[in-house]
Amino acid sequence: MLAELENLHAQAVETLEKANTTAVLEDWHRDTLGRRGSIYLLTRQIGQLSAEERPVFGQRLNAAKDELEAAYEQRLAILKAAELKHKMASTAIDVTLPGRSQWRGRLHPATRTLREIYRIWGDMGFQVYRSRDVETDEYNFELLNIPQHHPARDMWDTFHTTTPGVILRTHTSPGQIHAMREYAPEPIRVILPGMCYRYEQITARSEIQFHQVEGLAVGKNISLADLKGTLTDFARRMFGANRKVRFRANYFPFTEPSAEMDVECILCGGEGCQVCKYAGWLEILGCGMVHPTVLRNGGYDPAVYSGFAFGMGPERITMLKYGIQDIRYFWSNDLRFLEQF
Ligand code: FA5
């Protein structure tokens, strides 16, 4: 049995030296000195020895255990140090490397224009009034003086929901009625921004969804001169101090008289270019004095109150400002386009 002990001891020393990771070393400890380990199992056989052999064997066994335990501790310290060194080397941070720049998001070009529009109208005392995207036929058309079968409905074909009479708004003008009904008979100065939807052919200048910013001022003694002056001031603040504007007569069922406002072409300064189709002018909005029927529908007496309203398209304005040739870029989610702003 003593020979067996010496043999196991020699084997254990040999395998210990080969253990090259702490995990392997732990296995070695379990298989050698653990409660089911080869050395430990020998202790159980002591009972088979004679009384004289027992102390000799016991002494040698304890000495062998102590030797192996010490060798194990020593090896463990070496392996742990090596593993720590390796870990530190592989996760080291090179503080001399140049930093990686952060990827920064940016605002959508339409959002930038919208915010600029809010700021300008805010400076002129207009508040933002939010109104719903899903509207009733009544608000989108009828209360705006566009009854069923009115030919003007052809200009604003829309998307219908499964609920009869509930549609996606074709313009922000129904918000005029909501605002008037909320504020009447107080004076109003609001802008109503939001998404509009039209069932029409998509072209380089027309999308099926686009923003509009509506404007509404209602009070006593508001005249066409106020409309012209306010919108001219807006154009100057938006496009530059010396920008010329002109008003052309137009027709909208909810304003009387109605007009469209053009600004001198932003790109060529009125000389004539591809963007303004050599006209020197660009149309940016529709406007007019609020129709008496609409005032009445909003809760104001048209004999006492008057008002002006306008509706502009921020995407079209953005196209003019940056020389963008196609409106479809706005909602196509192409980063090559969006990253230019
Ligand atoms: C209207 O929608 C009127 N509600 C505007 C108005 C308000 C007039 C208040 C008088 C008083 P119009 O259909 O022209 O009018 O649209 C107004 C603006 O919305 C246009 O000048 C244009 O800039 C933008 N717009 C209209 N249709 C589209 C489209 N399909 N794609 C992108 N922009 C559009």
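Only a predicted model underlies this, so the values are computations on that prediction, with no experimental measurement involved.

1. Brief notes about the site of the ligand
Move 1: Every one of the 24 residues lining the ligand counts as a neighbour, but His-171, Ser-173, Arg-198, Glu-200 and Glu-207 are closest to it.
Move 2: Within the contact set of the ligand, an oxygen atom lies 3.0 Å away from a side-chain nitrogen or oxygen of Gln-212.
Move 3: Gly-313 places a main-chain nitrogen or oxygen 3.3 Å from an oxygen atom of the ligand.
Move 4: The fraction of the free accessible surface of the ligand (670 Å²) that becomes covered by protein chains is 94%.
Move 5: Counting only elements with at least two residues in the shell around the ligand, the list comes to strand E5 (209-219), strand E8 (281-290) and strand E9 (306-312).

2. A word on the nonpolar core
Move 1: Residues Trp-121, Phe-234, Ile-284, Phe-310 and Met-312 are the most contacted members of the largest nonpolar core, which totals 34 residues.
Move 2: For this core, the secondary structure elements donating two or more residues are helix H5 (109-123), E5, helix H8 (224-239), strand E7 (255-264), E8, E9 and helix H10 (314-322).
Move 3: Here this core takes six residues from H8, the largest share from any one element.
Move 4: Non-local contacts of Phe-234, meaning those with residues more than four positions away in its chain, are made with Ile-117, Ile-120, Trp-121, Met-124, Ile-284 and Met-312.
Move 5: Ranked by size, the runner-up nonpolar core spans 25 residues in total, among them Ile-188, Leu-216, Val-294 and Leu-295.

3. Notes on the pairing of strand E4 (residues 188-197)
Along a regular strand, successive side chains alternate from one face of the sheet to the other.
Move 1: Counting buried positions along E4 yields nine of 10 residues, so the element is predominantly enclosed.
Move 2: Pairing of strand E1 (residues 127-128) with E4 involves two bridges; the strand directions are parallel. Its bridge partner being in E4, Val-128 is matched across the sheet by Ile-191.
Move 3: As judged from the 10 bridges shared by E4 and E5, these two strands associate in the antiparallel manner.

4. A short note on the pattern of salt bridges
Move 1: Considering all chains together, one arrives at 17 salt bridges under this definition.
Move 2: In this structure, Arg-30 and Asp-27 form a salt bridge, with 3.3 Å as the shortest nitrogen-oxygen distance. One end of the pair, Arg-30, and the other, Asp-27, are both in helix H2 (residues 22-32), three residues apart, so they sit about a helical turn from each other.
Move 3: One salt bridge in this structure joins Arg-246 and Asp-262, with 2.9 Å as the shortest N-O distance. Remark: Asp-262 occurs in strand E7 and Arg-246 occurs in strand E6 (residues 245-252); sequence separation between them is 16 residues.
Move 4: You can call Arg-246 partly exposed: its relative accessible area is 33%.
Move 5: Here the salt bridges do not stand alone but share partners, grouping Arg-246, Arg-248, Glu-260 and Asp-262 into one network.

5. Describing the sheet that holds E1
Move 1: Strand order in the open sheet formed by seven strands is E1-E4-E5-E9-E8-E7-E6, with mixed pairing between adjacent strands. Pairing within the sheet leaves two strands with one partner each, and these edge strands are E1 and E6.
Move 2: Helix-sheet contacts for H8 involve E6, E7, E8 and E9, and the interaxial angle to E8 is about 150 degrees.

6. Side note on the domain arrangement of the protein chain
Move 1: Each domain of the protein chain was delimited in the assignment, giving domain 1 (2-90) and domain 2 (109-338).
Move 2: Its C-alpha centre places domain 1 at a distance of 89 Å from the equivalent point of domain 2.

7. Focus: the packing of helix H1 (residues 2-18) against H2
Move 1: Here H1 crosses H2 at 165 degrees, and the two axes come no closer than 9 Å. In this view, H1 runs roughly antiparallel relative to H2, as classed from their interaxial angle. The chirality of how H1 crosses H2 is right-handed. Side by side, H1 and H2 meet where Ala-12, Thr-15 and Leu-16 of the first sit next to Leu-25, Trp-28 and Thr-32 of the second.
Move 2: Class assignment of the residues belonging to the contact of H1 with H2 gives a composition of four nonpolar, two polar and no charged.

Cut-offs applied
- Residues numbered from 1 in each chain as written.
- Predicted model: local features only at pLDDT ≥ 70, side-chain atom pairs only at ≥ 80, totals over all residues.
- Heavy atoms only, no water.
- Near = heavy atom within 4 Å.
- Polar contact = N/O pair within 3.5 Å; in protein donor to acceptor, adjacent residues only side chain to side chain.
- Areas by Shrake-Rupley, 256 points an atom, 1.4 Å probe, with all protein chains shown as cover.
- Helix = DSSP H or I, 4+ residues; strand = E, 2+ residues; numbered from the N terminus.
- Core = buried A, V, L, I, M, F, W, Y, C linked by side-chain atoms within 4.5 Å.
- Buried < 20%, exposed > 50% of the residue type's maximum accessible area, 1.4 Å probe, protein only.
- Contact = heavy atoms within 4.5 Å.
- Pairing = 2+ DSSP bridges.
- Salt bridge = Lys/Arg side-chain N within 4 Å of Asp/Glu carboxyl O.
- Axes fitted to C-alpha atoms, helices over the stretch in contact; angles between N-to-C directions.
- Domains from an automatic or database assignment.
- Parallel < 35°, antiparallel > 145°, perpendicular 65-115°, else oblique.
- Left-handed = near helix turned anticlockwise from the far one by under 90°.
- Nonpolar A, V, L, I, M, F, W, Y, C, P; charged D, E, K, R; others polar.

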